[in-house]
Amino acid sequence: MNPRERVDLSVRVGALRLSNPVITASGTFGYGLEFAHLVNLNLLGGLVTKGISKDPIEGAPAPRVCETSSGMLNAVGLQNVGVEAFVRDKLPLLRKYNTHVIVNVFGYCLDEYVEVIQRLEDAEGISAYELNISCPNVKKGGMQFGSDPGMVEEVVRLARAAAQKRPLWVKLMPLVTDIGQIGRAAEAGGADALTVANTYPAMAIDFTTRKSRLGNLTGGLSGPAIKPITLRLVWEVSKAVKIPIVGLGGIETAEDVLEYMAVGASAVQVGTASFSDPKASERIAGSLEGALSRAKMFTFSELIGKFQTENG
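Residues numbered from 1 in each chain as written. Predicted model: local features only at pLDDT ≥ 70, side-chain atom pairs only at ≥ 80, totals over all residues. Heavy atoms only, no water.

**Student:** Sorry, what's going on with the sheet that holds strand β11 (residues 200-202) here?
**Tutor:** Two modes of strand pairing occur in sheets, parallel and antiparallel, and in both the strands are linked by backbone hydrogen bonds. With antiparallel pairing, four strands are arranged side by side in an open sheet as β5-β6-β14-β11. Either end of the sheet is taken by a strand with one partner, and the two such strands are β5 (65-68) and β11. In this sheet, neighbouring strand axes are inclined to one another by 35° on average, regardless of whether the strands run parallel or antiparallel. Pairing geometry for strand β6 (residues 71-74) and strand β14 (residues 219-222), over three bridges, is antiparallel. By the bridge assignment for β14, Leu73 is matched with Leu221. (Pairing = 2+ DSSP bridges. Helix = DSSP H or I, 4+ residues; strand = E, 2+ residues; numbered from the N terminus. Axes fitted to C-alpha atoms, helices over the stretch in contact; angles between N-to-C directions.)

So, in structure tokens, the structure goes:
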């Protein structure tokens, strides 16, 4: 291949330049360290940690995951070690890897979002924050912020004021009346990028016991089953905002990545695929050059947002 025709896999999400668009999704990859013996983290565009809260959270009762048709339900309940232990015990180990570390931030109230970010501001080795205002698996917080445009703008504005050193991404919930309006509210609050979208509230039951298959009554649906729905949401948000979008939902192949980018995503996150194949993120990243070449493209800029709304 002529050097001038070499495929360039790098992308930009606002101020961040990623070596490729594949990022692991929050809640599916632990703190990243748990997969380091299976996945070459340096080959990923980045990783998103599980949600970090002000204080440790034990999470939801078992069972926490349940396989469904073309997907899975999870109700982990944001179990994590808390921000102090994360900064002390996890972050120093993550700094050894040459990849972007995006810290997912969660709070039960507005002040807690701010407190977590303020503590992280003093720590090294973080590329960006991802604000979780959309988790369907906790009894308070999360969805109460993510479904109301006024609340979305307020929590993002407060987080933006606290996040002086790093970009702020905002993870949107999918089940809202107008996700474009929610995206605009996050943009107005100061978001640098939007993650579209979180899991879908759903349930699975065992009719013989008449009980939920999860420890919680409901959980979040993810996996291939949600890809067509979330693909549309990324497209809707891309028409509504000017800031970058990170798409996720059912990504298992390089072709899935390219589809998300065609409807407006600048990068993607791989989630549920890591449960069935722990090396999925590395495999997908390694397949991107071939997929882009087959599409007769040499950069992702030729593809991002180029979805044609009219045939013919």
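**Student:** Can you walk me through the nonpolar core in this structure?
**Tutor:** Soluble, globular proteins show a tendency: their nonpolar side chains are buried together. Counting residues in each nonpolar core, the largest one holds 96 residues, and the members touching the most others are Leu120, Leu131, Leu194 and Val196. Leu194 has contacts with Val170, Leu172, Gly183, Ala186, Val237, Val241, Ile243, Pro244, Ile245 and Val246, leaving out every residue within four places of it along the chain. Judged by nonpolar contacts, the second largest core, of five residues, contains Cys66, Leu73, Ala75 and Leu214. (Core = buried A, V, L, I, M, F, W, Y, C linked by side-chain atoms within 4.5 Å. Buried < 20%, exposed > 50% of the residue type's maximum accessible area, 1.4 Å probe, protein only. Contact = heavy atoms within 4.5 Å.)

**Student:** Looking at this structure, I do not really get the pattern of salt bridges. What am I missing?
**Tutor:** When charged atoms on two side chains of opposite charge get close, those side chains can pair. All told, the structure shown has 13 salt bridges when counted by the stated rule. Across the pair Asp55 and Lys54 runs a salt bridge whose closest N-O atoms are separated by 3.6 Å. Accessibility expressed as a relative area gives 42% for Asp55, which makes it partly exposed. Judged by its relative accessible area of 30%, Lys54 falls in the partly exposed class. Here Glu153 ties to Arg157 by a salt bridge, and the two come within 2.4 Å at their closest N and O atoms. In this pair, Glu153 and Arg157 both sit in helix α4 (residues 149-162), four residues apart, roughly one turn of the helix. With a relative accessible area of 42%, Arg157 lands in the partly exposed category. Taken together, the shared-partner salt bridges in this structure form one network comprising Lys227, Asp256 and Glu259. (Salt bridge = Lys/Arg side-chain N within 4 Å of Asp/Glu carboxyl O.)

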